[in-house]
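# Report on the structure
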Amino acid sequence: MIVVTGATGNVGRPLVRALAEAGEHVTAVSRRVSALDVPAGVRHQQADLADPGSLPSAFDGAEALFLLTSGDFVSAEGKVSDVLDAARAGGIRRVVLLSSQGVATGSHPPALEDPVVQSDLEWTLLRPGGFHSNTFAWAEMVRSQRMIAAPFGDVALPTIDPTDIAEVAAAVLRDTTHIGKAYVLTGPAPISPRQQASAIADALGEPVQFVEQSRAEARAQMLRFMPEPVVENTLNILGTPRIGEQEVSPHVERILGRAPRTFAAWAVRNASAFK
């Protein structure tokens, strides 16, 4: 049995599907998961990582865990060590942690990874850069005004399709040769917010205006749904990325045997969200 936390999100949902299609027994865990959120035959369990008491029934009898912590987990001062204790008690021996490229480059502290790496569990770290799906934050603006407002319009980063992250996670969870390894995951090429806006316009077949925000304007907007330390680190990466954060990683292609998906392809696949 493989437990997938964050099972209703942009990574968790396709991961659950990929594992189920591969014939794995899966438990999909989220605070609000229901039978409508998972493929037929997949067990679902409502639980909150920030509440260790809710986890034993989700973890019992499993062998591996995909661990995805959210901003809400950080805001609630959740402890990864408590989650690992519950996992160990349930019989889990392997953990694949969704971390961040920023840990590899030094932009983010290793506090999320340290409890996993220092535990007695077998671990693999996935360190993606920015997600293509972060641009869903623009969807309402595009729908209502055919406009996108974002900071650092011409700073390009190799964002990644969350479905690629999910497929890498599925491969890693099913192959023990990845134990003890850390993988940076990126898309195939750097792309700027202005270029992303152009790709969304192409997917819609309509013009979309791009308006560059100041850092202060972006910060005020992001604080509505992200903790302040995460906002500051994110803005630093978006505005003044380190060299490593602008580089394309080979790991998606090495693990999946194909190039990662482009932002343009993601925009076409998700155009309905912006219409």
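Summarised in this report is the structure supplied together with it. Here the structure is a predicted model, which means the values were calculated and not measured.

### Let's talk about the overall build of the protein chain
- Counting its secondary structure elements, the protein chain contains 14 helices and nine strands.
- C-alpha atoms of the protein chain, sized along the principal axes, occupy 50 × 35 × 35 Å.
- Taken over 275 residues, the protein chain has a buried fraction of 49%.
- Considering only intrachain contacts with a sequence separation of at least 6, the fraction spanning at least 24 residues in the protein chain is 73%.
- Total accessible area computed for the protein chain in this model is approximately 12500 Å², and 51% of it derives from carbon and sulfur atoms.
- Side chains of the protein chain give 24 positive and 30 negative charges; the mean places of these two sets differ by 3 Å.

### Thoughts on the packing of helix H1 (residues 12-21) against helix H8 (residues 162-173)
- Here H1 crosses H8 at 40 degrees, and the two axes come no closer than 8 Å. Classified by the interaxial angle, the pair formed by H1 and H8 is oblique. The two elements H1 and H8 meet at a crossing, and its hand is right-handed. On H8, the residues touching Pro14, Leu15, Ala18 and Leu19 of H1 are Thr163, Ala166, Ala169, Ala170 and Leu173.
- Among the residues forming the contact of H1 with H8, the class breakdown is eight nonpolar, one polar and no charged.

### Quick notes on the packing of helix H10 (residues 215-222) against helix H11 (residues 228-239)
- Running from N to C, H10 and H11 cross one another at 145 degrees; their axes reach a closest spacing of 10 Å. For the pair H10 and H11, the sense of crossing is right-handed. Seen from H10, the contacting residues are Arg215, Ala218, Arg219 and Met222; seen from H11, they are Glu228, Val231, Glu232, Thr234, Leu235 and Asn236.
- Classifying every residue of the contact of H10 with H11 by side-chain character gives four nonpolar, two polar and four charged.

### Thoughts on the sheet that holds strand E5 (residues 94-98)
- Taken together, seven strands build an open sheet; the order of strands is E3-E2-E1-E4-E5-E6-E8 and the sheet is parallel. Bordering the open sheet on either side are strand E3 (43-46) and strand E8 (182-185), each of which pairs with just one other strand. Taken pair by pair, the neighbouring strands of this sheet meet at an average axis angle of 15 degrees, ignoring direction.

### Observations concerning the pattern of salt bridges
- Under the definition given, this model contains 16 salt bridges.
- A salt bridge links Asp161 to Arg269, with the nearest nitrogen and oxygen atoms 3.0 Å apart. With Asp161 in the loop between strand E7 (147-151) and H8 and Arg269 in helix H14 (residues 263-269), this residue pair connects regions lying 108 residues apart in the sequence.
- On the basis of relative accessible area, Asp161 is assigned to the buried category, the value being 0%.
- For Arg269, a relative accessible area of 43% translates into the label partly exposed.
- One connected set of salt bridges, linked through shared partners, spans Asp164, Glu167, Arg258 and Arg261.

### Here we look at the nonpolar core
- Ranked by size, the top nonpolar core spans 31 residues in total, and within it Val4, Leu15, Phe66 and Leu126 carry the most contacts.
- Those elements that provide at least two residues to this core are strand E1 (2-5), H1, strand E2 (26-30), strand E4 (64-67), E5, H8, E8 and helix H13 (251-256).
- In terms of residue count, H8 provides more of this core than any other element does, seven residues in total.
- Leave out the neighbours within four places in its chain, and Leu126 touches Phe66, Val96, Leu97, Leu98, Ser99, Ser100, Val168, Ala169, Val172, Tyr183 and Leu185.
- Core analysis: the next-biggest nonpolar cluster, separate from the first, contains 23 residues, Val29, Phe59, Leu65 and Leu84 among them.

Calculation notes
Residues numbered from 1 in each chain as written. Predicted model: local features only at pLDDT ≥ 70, side-chain atom pairs only at ≥ 80, totals over all residues. Heavy atoms only, no water. Helix = DSSP H or I, 4+ residues; strand = E, 2+ residues; numbered from the N terminus. Buried < 20%, exposed > 50% of the residue type's maximum accessible area, 1.4 Å probe, protein only. Contact = heavy atoms within 4.5 Å. Areas by Shrake-Rupley, 256 points an atom, 1.4 Å probe, with all protein chains shown as cover. Lys, Arg positive; Asp, Glu negative; His and termini not counted. Charge placed at Lys NZ, Arg CZ, Asp CG, Glu CD. Axes fitted to C-alpha atoms, helices over the stretch in contact; angles between N-to-C directions. Parallel < 35°, antiparallel > 145°, perpendicular 65-115°, else oblique. Left-handed = near helix turned anticlockwise from the far one by under 90°. Nonpolar A, V, L, I, M, F, W, Y, C, P; charged D, E, K, R; others polar. Pairing = 2+ DSSP bridges. Salt bridge = Lys/Arg side-chain N within 4 Å of Asp/Glu carboxyl O. Core = buried A, V, L, I, M, F, W, Y, C linked by side-chain atoms within 4.5 Å.

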